[in-house]
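So the chains spell out like this:
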Amino acid sequence: MNMMNRYLGSAAIGLAVAVTGGVAFAETPPNMLVIANRIDDITTLDPAQSFEFAGSDVLRNVYGNLVNFDPANLEAGYQPDLATEWSVSEDGKSITFTMREGMTFTSGNPVTAEDAAMSLRRVVKLNKTPAFILTQFGFTPENVDEMITFDDNTVTITTDQQYATSFVLNALTATVGSVIDYKTVMENEVDGDMGNTWMATNSAGSYAYKLDSWKPNESVTLSSNPDFYLGAPEMERVIVRHVQESASQRLLLERGDIDMARNLNPEDIAGIEGADGVKIVDELKGRLMYASLNQKNEQLSKPQVKQAFKYLVDYEGMQNSFLKGKYTIHQNFLPQTYLGSVKENPFSLDIEKAKGLLEEAGVPEGFTIEAGVRESQERIEIAQSLQNTLGQVGIKLNITVGTAAQILARYRARELDLYLGEWGPDYPDPQTNAGTFAYNPDNSDEANATGLLAWRNAWDTGGLTEKVNAAVIETDTDTRIQMYKDMQAEFREISPFIIMFQQIEQTAMRDNVEGFSTGQAITAASYWTVTK
Amino acid sequence: MPVLWKIASVIGSILVTMLGLLFVTFIIGRVMPIDPVLAIVGERASQSTYDAVYVQLGLDKPLIVQFLYYIGDVVRGDFGISLLNARPVAEDIARVFPATLELATIGVIMGVVLGVPLGVIAAVKRGSWIDQVARVVALVGYSMPIFWLGLVGLLIFYGILGWVGGPGRVGIFYVDVMPTITGLLLVDSLIDGNWAVFKDAFSHIILPASLLGYYSLAYISRMTRSFMLEQLSAEYITTARVKGMSEWSVVWTHAFKNIRVQLITVIALSYAGLLEGSVLTEIIFSWPGIGSYITTALLAADMNAVLGGTVVVGAVFILLNIFSDLLYKFLDPRAK
């Protein structure tokens, strides 16, 4: 729906509410949580394959991991979950986890060390897209049976080299670290798929909820697990309904037919703010909005030009207008709240400074470049803002708008001069972003390292690649934090990435809903903590 | 012409049309600048993962081979697996199409029941206040954005008055309650004897169906008026009046009888348009129908789903066309 429709819809509802004095009110049952969310990104509910936001939210509540975050205290970092404790071997390559005792899956099967080990092995053997979160530690389908082992009550993970323990444990909190009821899953194996097809629409977990149904683009329903080791959730049933349109979500919330609306646009947030019985909760998420400059373009590869672009973004103007409430200025590759994140944002719109830099670079007259933007309203608006500010120094920005797949294909083929897009971390460790923004061991076309953002922009990161490598094996956490801070300072100055904003998620909910967390930047949403 | 030959001719015509439809949809699917592999593996995937999926989808084979495989699959009722949700597309369509069918059928019934008499009366009373009202109704139906009318309708009848259910096919209490028999929730709840679900489903469908019905009414009433005006100015109508026939007989027995064939085309087109799915209505009312299904699939480059949905919609058009032809022959002996 285009922007005009969006505004008209919000305006229509706002006007009518003002005239009539509000909508009639219903209420959801006290033991049921009803959420309106866009869930059309869910492609599967197999934790070995799921890699989307809405899917992660569901799976976070269905499966436990060896270690995970406490939604009530996310700053504390990883905590014991299905494992109660762990120890690291002398050579730093093996971590042994002791399983919590007395837990059962929703099938009634006991949760064992074997389940935990086989779950991780299954991820590696299936080798779906998110498997790289585990395979980066040297696991392959051939060696994983020797690398991830178990006995009666312990699971041992042995990596190919010594890594920072925090790196390994943070990676294990990702969705691919979910512990599944391996016996039940393998009973549903078809043609050697390790239960992948069955798991797409069924659950086999031990956590707060079990999946009742998932109807694509329609709804997800969960029912509580009374045997959940942290105690039976107060919300016995959770229904996540796919409601595409912001104005419809708002109406449902105001009417009291849902408890929470997760995709209200800024106009509807402004309209509903202060309404009786509704509250808005802001949380920082991990997504970064950035523009990047292809270093294959001779002009864009000049250091002064890269610098100039960073002074040609109207950060404040965008943050305070069409991105208000949705994004906050952030100019570093680690999102705030991540280990090693920094808050320095040294760049602001400065046309004169940019002109001086372009003169130094020998291009005072500017040049013409093409920007690739997917057809999302806010990205197009950002591109238009960039077009305006770049135009003031003679740089002509031709904006090509396409579907996500179209633009992404050209970006991965290193064809775009400028790419405008978002990046969300894959797991809650600084390596997830450092390893793509600042890491590029082989910048040649033949390397075809399409997964690396630095490679996509043909950027030879110089010494940063080695620094990224060094940080993942640094065992002292404080030193490791400092390494990321230093890397980001260097990155800000020399990289072709103009990191602009970090996403804020605004959740509107009935004011009797307490305890909900979106998981912020580092994990997914938790429903079991909700009370009404 | 022997009856068997006629039947064979109709079937042959259907098959050729379907083959053409399959060919066009297949080509569109292949020439679109969307990478289906990327849609599956995501932007984080390595090149090796990308290559593996490329081969797995059969994209390494010549186009003609891919097309032949595709026809074979469709003949078996297999539209492939949705690239995005890993479920058979046929299952997805079986789930979403009844939702649209139910909505469109009620919508078109409303459109016909109200639109045809309105159009006839407007023509008979040409220039009167009722004609002006009919024209305004049609004009508003044509010109008002459907999303706006939908939202305002939702706000008034659901939000403020609470007369109808909100977005979705049923309220939260009835999610996953009904076993799927036909997929038509109203029908299934009746078969099951579950009146509570029937009432709830009815309260949810009535507003979006009315909205579609209104658009259908606008089109049908306008066309009916136009057809009727043409007939009412014909000489045989003057003759009938001169002979002293009642106005009722003149209008309904003579004039209306002669526009039925044209009206069937209009109604069939209107119905087909609604069955194709009214995307905006489905989005506003969170109605899980085929329109929003195809749109979502298209934006996500899920070409199996797009092609499956398109084939079904195309088949619906063809079937409605045949049905219209049969009705022509029934209503107008000259067409036999």
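Since this is a predicted model, take the numbers as computed values, not measurements. (Residues numbered from 1 in each chain as written. Chains lettered and ligands numbered in written order. Predicted model: local features only at pLDDT ≥ 70, side-chain atom pairs only at ≥ 80, totals over all residues.)

## Section: the overall build of chain B
Logical step 1: Along chain B, the regular secondary structure elements total 14 helices and zero strands.
Logical step 2: In chain B, the succession of helices and strands from N to C terminus is α-α-α-α-α-α-α-α-α-α-α-α-α-α.
Logical step 3: In terms of principal-axis extent, the alpha carbons of chain B reach across some 85 × 60 × 40 Å.
Logical step 4: Here chain B, with 336 residues, has 43% of them falling under the buried criterion. (Helix = DSSP H or I, 4+ residues; strand = E, 2+ residues; numbered from the N terminus. Buried ≥ 20, exposed ≤ 12 C-beta atoms within 10 Å, placed from the backbone.)

## With respect to the overall build of chain A
Logical step 1: When its secondary structure is counted, chain A shows 19 helices and 17 strands.
Logical step 2: Relative to the globule expectation of 24 Å for 532 residues, the C-alpha radius of gyration of chain A, 24 Å, shows essentially globular dimensions.
Logical step 3: Projected onto its principal axes, the C-alpha positions of chain A cover 70 × 70 × 45 Å.
Logical step 4: Per-residue burial for chain A yields a buried fraction of 54% across its 532 residues.
Logical step 5: Of the contacts made within chain A by residues no fewer than 6 positions apart, 70% connect residues no fewer than 24 positions apart. (Rg over C-alpha atoms; globule rule 2.2 N^0.38 Å. Contact = placed C-beta atoms within 7 Å.)

## Side note on the environment of Leu211 of chain A
Residues and elements named next belong to chain A.
Logical step 1: Considering the arrangement of structural elements, one finds Leu211 in strand 8 (residues 209-215).
Logical step 2: Remark: the alpha-carbon pair of Leu211 and Val62, spanning 149 residues in sequence, is separated by 7.2 Å.
Logical step 3: In this structure Leu211 touches Leu45, Val62, Asn202, Ser203 and Leu222, once residues within four positions along its chain are discounted.

## Comments concerning the domain arrangement of chain B
Residue and element names in this part refer to chain B.
Logical step 1: Taken domain by domain, chain B holds domain 1 (3-75) and domain 2 (95-335).
Logical step 2: One C-alpha centre belongs to domain 1, the other to domain 2, and the line joining them spans 32 Å.
Logical step 3: The interface is formed by 14 residues belonging to domain 1 together with 12 residues belonging to domain 2.
Logical step 4: Among the elements that take part in the side of domain 1 that touches domain 2, helix 1 (residues 3-31) stands out by supplying nine residues, more than any other.
Logical step 5: When its residues are assigned to classes, the side of domain 1 that touches domain 2 shows 10 nonpolar, three polar and one charged. (Domains from an automatic or database assignment. Nonpolar A, V, L, I, M, F, W, Y, C, P; charged D, E, K, R; others polar.)

## Overview of the domain arrangement of chain A
Interface size is commonly expressed as the accessible surface area that is lost when the partners come together.
Logical step 1: Each domain of chain A was delimited in the assignment, giving domain 1 (3-38 + 218-277), domain 2 (74-204) and domain 3 (284-505).
Logical step 2: The centre of domain 1 of chain A, based on its C-alpha atoms, is set 35 Å off from the matching centre of domain 3 of chain A.

## With respect to the sheet that holds strand 5 (residues 94-99) of chain A
The strands that make up a sheet pair up through hydrogen bonds in the backbone, lying either parallel or antiparallel.
Residues and elements named next belong to chain A.
Logical step 1: The sheet built from four strands is open, its strands ordered 4-5-7-6 with antiparallel pairing. Each of the sheet's edge strands pairs with one partner strand only, and the pair in question is strand 4 (83-88) and strand 6 (148-150). Taking the axes of each pair of neighbouring strands and ignoring which way they run, one obtains an average angle of 20° across the sheet.
Logical step 2: Taken strand by strand, helix 3 (residues 113-126) contacts strand 5, strand 6 and strand 7 (154-158), and its axis lies near 165° from that of strand 6. (Pairing = 2+ DSSP bridges. Axes fitted to C-alpha atoms, helices over the stretch in contact; angles between N-to-C directions.)

## A few points about the environment of Trp198 of chain A
All names here are of chain A.
Logical step 1: Positionally, Trp198 belongs in helix 8 (residues 196-199).
Logical step 2: Sequence separation between Trp198 and Asp46 is 152 residues, and the spatial gap between their C-alpha atoms is 8.3 Å.
Logical step 3: Excluding residues within four positions of it along the chain, Trp198 makes contact with Val185 and Asn188.

## Some points on the pairing of strand 12 (residues 278-293) of chain A
All names here are of chain A.
Logical step 1: Summarising the sheet, strand 12 and strand 17 (residues 497-510) pair through 12 bridges and their orientation is antiparallel. Residue Lys279 lies in a different strand from strand 17, and its bridge partner there is Met509.
Logical step 2: With six bridges joining them, strand 12 and strand 16 (residues 418-423) adopt antiparallel strand pairing. Bridging from a neighbouring strand, Met289 pairs with Glu422 of strand 16.

## Section: the packing of helix 6 (residues 129-143) of chain B against helix 9 (residues 195-232) of chain B
Residues and elements named next belong to chain B.
Logical step 1: Contact geometry for helix 6 and helix 9: axes closest at 8 Å, N-to-C directions at 130°. The pairing of helix 6 with helix 9 is recorded here as oblique in orientation. Read as a crossing pair, helix 6 and helix 9 show a hand that is left-handed. Residues Ala134, Val137, Ala138, Gly141 and Tyr142 of helix 6 touch helix 9, and the partners they reach there are Tyr214, Tyr215, Leu217, Ala218, Ser221, Arg222 and Arg225. (Parallel < 35°, antiparallel > 145°, perpendicular 65-115°, else oblique. Left-handed = near helix turned anticlockwise from the far one by under 90°.)

## Quick look at the nonpolar core
Logical step 1: With 247 residues, the main nonpolar core has Ala116, Leu134 and Ala438 of chain A as its most contacted residues.
Logical step 2: The dominant element in this core, judged by the number of residues it contributes, is helix 5 (residues 89-124) of chain B, at 18 residues.
Logical step 3: Setting aside chain neighbours within four positions, we find Ala116 of chain A in contact with Leu66, Leu82, Met99, Phe150, Val155 and Val179 of chain A. (Core = buried A, V, L, I, M, F, W, Y, C linked by C-beta atoms within 7 Å.)

## Let's talk about helix 6 (residues 165-172) of chain A
Logical step 1: Within helix 6 of chain A, seven of the eight residues are buried, which leaves the element mostly enclosed by the surrounding structure.
Logical step 2: When we look at burial in helix 6 of chain A, the residues that qualify are Ser166, Phe167, Val168, Leu169, Asn170, Ala171 and Leu172 of chain A.

## Considerations on the pairing of strand 10 (residues 237-242) of chain A
Residue and element names in this part refer to chain A.
Logical step 1: Among the six residues in strand 10, five count as buried, and that is most of the element.
Logical step 2: Two elements, strand 1 (residues 32-37) and strand 10, share six bridges in a ladder whose sense is parallel. When the sheet's bridge partners are listed, Ile35 is paired in strand 10 with Val240.
Logical step 3: Pairing of strand 9 (residues 219-224) with strand 10 involves five bridges; the strand directions are antiparallel. What sits directly across from Ser223, in strand 10, is Arg237.

## Some points on the confidence of the model for chain A
Logical step 1: Per-residue confidence for chain A gives a mean pLDDT of 92; residues scoring 70 or more make up 95%.
Logical step 2: In this model residues 16-23 of chain A is a low-confidence stretch, pLDDT under 50, and it forms 10 contacts with partners more than four residues away in sequence or in other chains. (pLDDT = per-residue confidence, 0-100.)

## What to know about the packing of helix 13 (residues 290-299) of chain B against helix 14 (residues 303-331) of chain B
Residue and element names in this part refer to chain B.
Logical step 1: The geometry of helix 13 relative to helix 14 is characterised by a closest axis approach of 8 Å and an angle of 145° between their N-to-C directions. Once helix 13 is placed against helix 14, the crossing between them reads as left-handed. Contacts between helix 13 and helix 14 involve Ile290, Tyr293, Ile294, Ala297 and Leu298 from the first element and Ala305, Val306, Gly309, Thr310 and Val313 from the second.

## Quick notes on helix 2 (residues 53-60) of chain A
Logical step 1: For helix 2 of chain A, the tally of buried residues reaches eight of eight residues, placing the bulk of the element in the interior.
Logical step 2: Taken together, the buried residues of helix 2 of chain A touch strand 1 and strand 9 of chain A.

## Quick notes on the environment of Val513 of chain A
Logical step 1: Positionally, Val513 of chain A belongs in the segment after strand 17.
Logical step 2: Expressed as a C-alpha distance, the spacing of Val513 of chain A and Ser87 of chain A, which sit 426 residues apart in the sequence, is 39 Å.

## So, unusual backbone geometry
Residue and element names in this part refer to chain A.
Logical step 1: A positive phi angle is found at Thr337, which is not glycine, with a value near 90°.
Logical step 2: Positionally, Thr337 belongs in the loop between strand 13 (327-329) and helix 13 (351-360).
Logical step 3: Backbone geometry at Arg414 places phi at a positive 60°, although glycine is not the residue there.
Logical step 4: Here Arg414 shows up in the loop between helix 15 (404-412) and strand 16.

## Focus: the confidence of the model for chain B
Logical step 1: The predicted model of chain B averages 86 in pLDDT, with 95% of residues at 70 or higher.
Logical step 2: Interface predicted TM-score (ipTM) for the complex: 0.75; the corresponding pTM is 0.81.

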